Amino acid sequence: GENVEQHPSTLSVQEGDSAVIKCTYSDSASNYFPWYKQELGKGPQLIIDIRSNVGEKKDQRIAVTLNKTAKHFSLHITETQPEDSAVYFCAASIPGYGGSQGNLIFGKGTKLSVKP
Amino acid sequence: NAGVTQTPKFRVLKTGQSMTLLCAQDMNHEYMYWYRQDPGMGLRLIHYSVGEGTTAKGEVPDGYNVSRLKKQNFLLGLESAAPSQTSVYFCASSYPTGTSGNTIYFGEGSWLTVV
């Protein structure tokens, strides 16, 4: 089955610096890759996603890149701010796993700390 | 519009007791899910439902049962709680987009401790 590896497990950056979190997946049929942000005591919230027919997507300070050949995708946060501190999860969806839409397989998470 | 609401938020159970976690969504979503989150393990799918009256097993279904009698509700039951079921439980919902991949909306979580 699908396996999603996420690195690093913890990441500490200075405010204003960039942060990069990387994920790899094993099933080449995966075609949807969302990123979730989880603040302390809250549920995960979608921040950006990318589909397999797109190589890069940006939304203000956040961007996601996808390399289908290498089967990895990355989250890039520029000009980090203290409020970016949270746990970030990547996920991959396989068509047909759990219905036609495909259920998500999550990475184990990255705890990002942004120091003021 | 409350989104996904879970009750209770916190619960302590004794080994062998039973309980039900309730999830309600007001977004008219077809799909609903129950995940558990454990330190260093990420989010793992317990059970899911693709519509009213349907349920299916996820990655870690053992020890849990679910029911989806109404479209807006998805119940997670523990028949005989075990300490290994101490976890944070998240309910989520999504709607079919017609293409692959759903945007999943999560509830705030239910913290369960089994002693």
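Conventions used here
Residues numbered from 1 in each chain as written. Chains lettered and ligands numbered in written order. Predicted model: local features only at pLDDT ≥ 70, side-chain atom pairs only at ≥ 80, totals over all residues. Heavy atoms only, no water. Helix = DSSP H or I, 4+ residues; strand = E, 2+ residues; numbered from the N terminus. Polar contact = N/O pair within 3.5 Å; in protein donor to acceptor, adjacent residues only side chain to side chain. Core = buried A, V, L, I, M, F, W, Y, C linked by side-chain atoms within 4.5 Å. Buried < 20%, exposed > 50% of the residue type's maximum accessible area, 1.4 Å probe, protein only. Phe/Tyr/Trp six-rings, centres within 6.5 Å; stacked < 30°, edge-to-face > 60°. Salt bridge = Lys/Arg side-chain N within 4 Å of Asp/Glu carboxyl O. pLDDT = per-residue confidence, 0-100. Disulfide = S-S within 2.5 Å. Pairing = 2+ DSSP bridges. Axes fitted to C-alpha atoms, helices over the stretch in contact; angles between N-to-C directions.

Turning our attention to the environment of D49(A). Looking at the element boundaries, D49(A) is found in strand β5 (residues 45-51). Side-chain polar atoms of D49(A) contact the side chain of Y32(A), separated by 2.8 Å.

Quick look at the nonpolar core now. As a rule of thumb, nonpolar side chains are buried together in soluble globular proteins. W35(A), F73(A) and L112(A) are the most contacted members of the largest nonpolar core, which has 23 residues in total. For this core, the secondary-structure elements that each account for two or more residues are β2 (10-14), β3 (19-25), β4 (32-38), β5, β7 (62-67), β8 (72-77), β9 (86-93) and β11 (110-115) of chain A. Among the nonpolar cores identified, the runner-up in size contains 18 residues, and W34(B), V66(B), L112(B) and V114(B) belong to it.

Attention now goes to the packing of aromatic side chains. All told, the structure shown has 13 aromatic pairs over all chains when counted by the stated rule. Look at Y36(A) and F106(A): their rings are 5.8 Å apart centre to centre, the planes differ by 55 degrees, and that puts the pair in the tilted class. Of this pair, Y36(A) sits in strand β4 while F106(A) is found in strand β10 (residues 104-106), placing the two residues 70 residues apart along the sequence. An identical accessibility class is assigned to Y36(A) and F106(A); each is buried. Here the aromatic rings of F106(A) and F106(B) are separated by 6.2 Å at their centres, their planes lie at 70 degrees, and the arrangement is edge-to-face. Residue F106(A) is found in strand β10, and its partner F106(B) is found in strand β10 (residues 105-106); the two belong to separate chains.

Attention now goes to the pattern of salt bridges. Enumeration according to the criterion identifies seven salt bridges over all chains in this entry. Residues K42(A) and E108(B) are paired through a salt bridge, measuring 3.6 Å at the closest nitrogen-oxygen approach. Remark: E108(B) occurs in the loop between β10 and β11 (110-114) and K42(A) occurs in the loop between β4 and β5; the pair is interchain, linking two chains. Residue class for E108(B) comes out partly exposed when judged on its relative accessible area of 36%. Taken together, the shared-partner salt bridges in this structure form one network comprising R36(B), D38(B) and R44(B).

A low pLDDT means the predicted coordinates there should not be read in detail. Chain-level pLDDT for chain A is 91 on average; 93% of the residues reach the 70-or-more range. Per-residue pLDDT, averaged within each element of chain A, yields its smallest value for β10(A) (88) and its largest for β2(A) (98).

Moving on, we come to the state of the cysteines. Residue and element names in this part refer to chain B. In total, this model carries two disulfides over all chains according to the counting rule given. The disulfide partner of C23 is C91, and the gap between their sulfur atoms is 1.9 Å. Judged by the torsion about the S-S bond (-80 degrees), the C23/C91 disulfide is left-handed. Residue C23 is located in strand β3 (residues 19-25), and its partner C91 is located in strand β9 (residues 87-94); the two are separated by 68 residues in the primary sequence. By the burial criterion, C23 is buried, and C91 matches it.

The subject of this paragraph is the sheet that holds strand β6 (residues 56-59) of chain A. Residue and element names in this part refer to chain A. Spatially, the five strands line up as an open sheet ordered β1-β3-β8-β7-β6, and their pairing is antiparallel. Either end of the sheet is taken by a strand with one partner, and the two such strands are β1 (4-7) and β6. Across the sheet, the mean angle separating the axes of adjacent strands is 15 degrees when strand polarity is ignored. Both β3 and β8 contribute to a ladder of six bridges, which runs antiparallel.

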